[in-house]
Amino acid sequence: MYLELFLALALISLISLLGILTINISEKTLKKWIEALVAFAIGALIGDVFIHLLPEISQNGITPEISFSILGGIIIFFILEKVIQWKHCHHLDHKDTCHRFTYMSLFGDMMHNFIDGVILAGAFMAGPLIGFSTTIAVALHEIPQELGDYAVLIKGGFTKKRALIYNFFSSLTSFVGALLTLIFGTMIEGLTPLLMAFAAGSFLYIAGTDLFPELHKEFDLKQAIIQLIFILLGIGVMSLLLLIE
Ligand SMILES: [Zn+2]
Ligand SMILES: [Zn+2]
C-alpha cells in the first residue's frame with residue numbers, strides 16, 4: 001500500500017509541471033484539449049463518488065458523522081477556492097485595477113494539494129481499488145487545476161521558470177497530508193469512511209462548481225457532444241474498475 005500511495009503522490013506532484021507543455025501549444029488547441037479533459041475529469045470524479053466511494057462510506061449506514069464529513073468537503077473546498085481567487089482592488093481614476101494576492105493563491109494551492117494527499121492516503125487505507133480509482137479522479141482534476149495555478153502565478157508576475165518551480169513545490173504538500181493521515185489513521189478508529197465521505201463532498205463540489213461551468217461557457221453542438229462523450233468515458237473508466245474487484 002505504501003508503494004502505491006507513494007507512486008500516486010509522485011504522479012500528482014508531476015502534474016504540477018504540466019504548465020511547461022503549454023508553452024509550445026497554441027491557445028486554440030489547448031482550449032479544445034482542456035475542454036475534453038475537463039469533461040473526462042467530471043466523469044471520473046462523479047463516477048468515483050457514486051461507484052467507488054459511496055459503498056465504502058455507507059458500510060455502516062449514513063451516520064450524522066458521515067453527513068457532516070460530506071458537508072465538510074464541500075465547505076472546505078469553497079473556502080480554499082476563495083483563498084486561491086483572493087483579489088485586492090483599487091478604485092483609481094475611474095478604472096478598477098485588481099491585484100491577485102499571488103502568494104495567497106500559492107497558499108491556497110498548497111492547502112488544496114495537502115488535502116488531496118489526505119484524500120489519497122485515506123483511499124489507499126480503504127483498499128487498493130478505491131486507492132486506484134481515487135488516484136485517477138484526483139490526477140484528472142489536477143491537470144486543469146494545476147494549469148490554472150500556473151496561469152495565476154504567471155499573471156502574478158512570476159517568470160515561467162519560477163512559476164513552475166513554485167507550483168511544483170506547492171504540490172509536495174500532498175506528501176505531508178498523506179503522511180499525517182497514515183499516522184492519525186492508525187490512531188483513530190473508523191477514520192477511513194469519514195475521509196472518503198469528505199472526499200466525496202469535495203469531488204462533487206469540484207465537479208459541480210469548477211468543472212461543469214467550464215463546459216457551459218459557450219454553446220456549440222459538436223463540442224457539446226464531445227463533452228457528453230468524455231463525461232460518459234470518465235464514468236465508464238470508473239465502472240470498468242469494478243471488474244477488477
Ligand atoms: Zn486537487
Ligand atoms: Zn499547484
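Residues numbered from 1 in each chain as written. Chains lettered and ligands numbered in written order. Predicted model: local features only at pLDDT ≥ 70, side-chain atom pairs only at ≥ 80, totals over all residues. Heavy atoms only, no water.

## Looking at the overall build of the protein
Argument step 1. Helices and strands together make up the secondary structure of the protein, namely nine helices and two strands.
Argument step 2. In the protein, the succession of α and β elements from N to C terminus is α-α-α-β-β-α-α-α-α-α-α.
Argument step 3. Relative to the compact-globule value of 18 Å for 245 residues, the protein shows a C-alpha radius of gyration of 18 Å, a close match.
Argument step 4. For the protein, the spread of C-alpha atoms along the three principal axes comes to 60 × 40 × 35 Å.
Argument step 5. Burial analysis of the protein (245 residues in total) assigns 44% to the buried set.
Argument step 6. Accessible area of the protein: about 13,100 Å², with a carbon and sulfur share of 72%.
Argument step 7. Treating the 13 positive side-chain charges of the protein as one cloud and the 20 negative ones as another, the clouds have centres 16 Å apart. (Helix = DSSP H or I, 4+ residues; strand = E, 2+ residues; numbered from the N terminus. Rg over C-alpha atoms; globule rule 2.2 N^0.38 Å. Buried < 20%, exposed > 50% of the residue type's maximum accessible area, 1.4 Å probe, protein only. Areas by Shrake-Rupley, 256 points an atom, 1.4 Å probe, with all protein chains shown as cover. Lys, Arg positive; Asp, Glu negative; His and termini not counted. Charge placed at Lys NZ, Arg CZ, Asp CG, Glu CD.)

## Quick notes on the coordination of the zinc ion (ligand 2)
Argument step 1. The zinc ion (ligand 2) binds to the protein through Asp109 (OD), Asp109 (OD), Glu146 (OE), Asp149 (OD) and Asn167 (OD1), with metal-donor distances spanning 2.1 to 2.6 Å.
Argument step 2. The motif formed by the donor residues of the zinc ion (ligand 2), counted along the single chain, is D-x36-E-x2-D-x17-N. Taken together, the positions of Asp109 in helix 4 (residues 102-126) and Glu146 in helix 5 (residues 128-155) put the pair 37 residues apart, joining distant regions of the chain. Per residue, the accessibility class of Asp109 equals that of Glu146, and both read buried. (Donors = N, O, S within 2.8 Å, 3.2 Å for Na, K, Ca; no water.)

## Some thoughts on the packing of aromatic side chains
Argument step 1. Counting across every chain of the model gives four aromatic pairs.
Argument step 2. Centroid distance Phe40 to Phe230: 6.3 Å. Interplanar angle 85°. Geometry classified as edge-to-face. Remark: Phe230 occurs in helix 9 (residues 221-244) and Phe40 occurs in helix 2 (residues 27-57); sequence separation between them is 190 residues.
Argument step 3. Using a relative accessible area of 21% as the deciding quantity, one classes Phe40 as partly exposed. (Phe/Tyr/Trp six-rings, centres within 6.5 Å; stacked < 30°, edge-to-face > 60°.)

## Digging into the nonpolar core
Argument step 1. Grouped together as the largest cluster of nonpolar side chains are 51 residues, with contacts concentrated most on Leu5, Leu53 and Phe203.
Argument step 2. Secondary structure elements with two or more residues in this core: helix 1 (2-15), helix 2, helix 3 (64-84), helix 4, helix 5, helix 7 (173-187), helix 8 (191-215) and helix 9.
Argument step 3. Examining the composition of this core, we find that 13 residues originate from one element, helix 8, more than from any other.
Argument step 4. Residues in contact with Leu53, not counting those within four places in the same chain, are Asp48, Ile130, Thr134, Met196, Ala199, Ala200 and Phe203.
Argument step 5. Grouped together as the second largest cluster of nonpolar side chains are six residues, Leu106, Phe158, Ala163 and Leu164 included. (Core = buried A, V, L, I, M, F, W, Y, C linked by side-chain atoms within 4.5 Å. Contact = heavy atoms within 4.5 Å.)

## Notes on the side chain of Ser171
Argument step 1. The residue Ser171 is located in helix 6 (residues 160-171) in this model.
Argument step 2. Since its relative accessible area comes to 2%, Ser171 is described here as buried.
Argument step 3. Within the structure, Ser171 has its side chain in polar contact with the side chain of Ser16 (distance 3.4 Å).
Argument step 4. Setting aside its immediate chain neighbours within four residues, Ser171 contacts Ser13, Ser16 and Asn113. (Polar contact = N/O pair within 3.5 Å; in protein donor to acceptor, adjacent residues only side chain to side chain.)

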